[in-house]
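One-letter residues, chain by chain:
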Amino acid sequence: MEGKGDNPLKSFTSTMSLTKFGVSQVPRHYVLPPSQCPNPTLDLTTILPIADLSSLHDPSLRSITLNQMHSACKPTFFQVTNHGIPPSVMKDALVAATEFFNLPIEEKMLLLSDDVHDPERYGTSINHRNDKVHRWRDFIKHYSHPISNWIHLWASNPPSYKDKMGNYARAVQMLQKELMEAVLESLGLERGYLQEELEEGSQVMAINCYPACPEPDLVLGIPPHSDYDTLTILLQSCPALQIMVPNDNWLSVPAIDGALVVQLGNQVEVMSNGYYKSVVHQLTLSTENKQHSIASIHSLALNKKIGPAEELVDEQQPASYKEFSFGDFLDYMSSNNTADIKFIDSLKKTM
């Protein structure tokens, strides 16, 4: 079965299909090297910092929330509560995701693509051709901002998909603007810094399905990586996220009902000149539960370069990173095995 694009993936098999076939062993091209396999006996958890956004618009209390944000951003992974997105909108988005992945494979294959530049594509790994080990997941990704430019390209089935996922995409885009304004202020930058660039930026919705896996100690839904963007806002059906801490240990992140996970990406690490670090994370699997997540990925416009903010660079703290753009990241992903090197490492200047 072929998908769209000039180079259809004739050998493509979705992980949903594998589970329907009832495979009892993971195919070889999903199996990680032993040193990279998740450790099922290591069940350590961490409580992420929580930022309560209810006071963000109250001038008398805003400084308290900004202090919370400053503390939360130091590990660059945190959860937000009272974020303004109704629970019904989040629930509907997860329902839409579930309904899409339950479609017949022939329907989903119409959106299949291995071109990372496509504004909408269905697949499994980030780079199906170059990745040596594939991910145990199916995804659909689509550009979403401004939504009026892109929603006509989104999946037409299930019939309610555009409405339910569109409502969530609009709401999370508004939340992103509030969060980025607070993150930049927490760095001591002027209110409104990068406002125009952020408004003209990109939003990619990555909707993921992680089927139950017969051998979850051999594979990952998403391997270790840090995000290229300014920030990602993550909605999960159940907790499966792990973050890397010093000494290369992994900690599981428990879910808080109604909260959203926020992670700062490479663009913020570069812009802050390393003051905020993007954290390596991965997603583990279950033998019993199918999991869904929706990552709203926000960045500057495709070809907009970002480097360390001039206000955060001086003789004592020289610029530690090279400039890059979202387009540079896509080009990198097209030509590299994503497990070989973290993208952020390719941006660091040698002193």
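Here we summarise the structure given alongside this text. What you are looking at is a predicted structure, and each value in this text was computed from that prediction instead of being measured.

This next bit is on the overall build of the protein chain. Each helix and strand in the protein chain was counted, giving 9 helices and 12 strands. For the protein chain, the C-alpha radius of gyration of 20 Å lies close to 20 Å, the compact-globule estimate for 351 residues. Taking the principal axes of the C-alpha coordinates as reference, the protein chain spans close to 55 × 45 × 40 Å. Contacts in the protein chain between residues at least 24 apart in sequence constitute 78% of all its contacts with a sequence separation of at least 6. Of the roughly 15,900 Å² of accessible surface on the protein chain, a fraction of 51% belongs to carbon and sulfur atoms. Each charge sign in the protein chain was given a centre, from 27 positive and 41 negative side chains, and these centres are 4 Å apart.

So, about the environment of Leu260. Topologically, Leu260 is positioned in strand β10 (residues 260–264). In sequence terms Leu260 and His83 are 177 residues apart; their C-alpha atoms lie 8.2 Å from each other.

To continue, consider the sheet that holds strand β8 (residues 241–245). Spatially, β6-β11-β8-β9 is the arrangement adopted by the 4 strands of the open sheet, whose pairing is antiparallel. This sheet does not close on itself; its edge strands, each paired only once, are β6 (222–225) and β9 (249–252). Each strand axis lies, on average, 25° off the axis of its neighbour in the sheet, ignoring direction. The sheet contact formed by β8 and β9 spans 4 bridges and is antiparallel.

With that settled, the discussion passes to the side chain of Ser226. Structurally, Ser226 can be placed in the loop between β6 and β7 (231–236). Here the side chain of Ser226 touches Asn266 through a polar contact of 3.1 Å, side chain to side chain. Apart from residues lying up to four places away in sequence, Ser226 is in contact with Asn266, Ser278, Val279, His281 and Ile344.

How each quantity is defined
- Residues numbered from 1 in each chain as written.
- Predicted model: local features only at pLDDT ≥ 70, side-chain atom pairs only at ≥ 80, totals over all residues.
- Heavy atoms only, no water.
- Helix = DSSP H or I, 4+ residues; strand = E, 2+ residues; numbered from the N terminus.
- Rg over C-alpha atoms; globule rule 2.2 N^0.38 Å.
- Contact = heavy atoms within 4.5 Å.
- Areas by Shrake-Rupley, 256 points an atom, 1.4 Å probe, with all protein chains shown as cover.
- Lys, Arg positive; Asp, Glu negative; His and termini not counted.
- Charge placed at Lys NZ, Arg CZ, Asp CG, Glu CD.
- Pairing = 2+ DSSP bridges.
- Axes fitted to C-alpha atoms, helices over the stretch in contact; angles between N-to-C directions.
- Polar contact = N/O pair within 3.5 Å; in protein donor to acceptor, adjacent residues only side chain to side chain.

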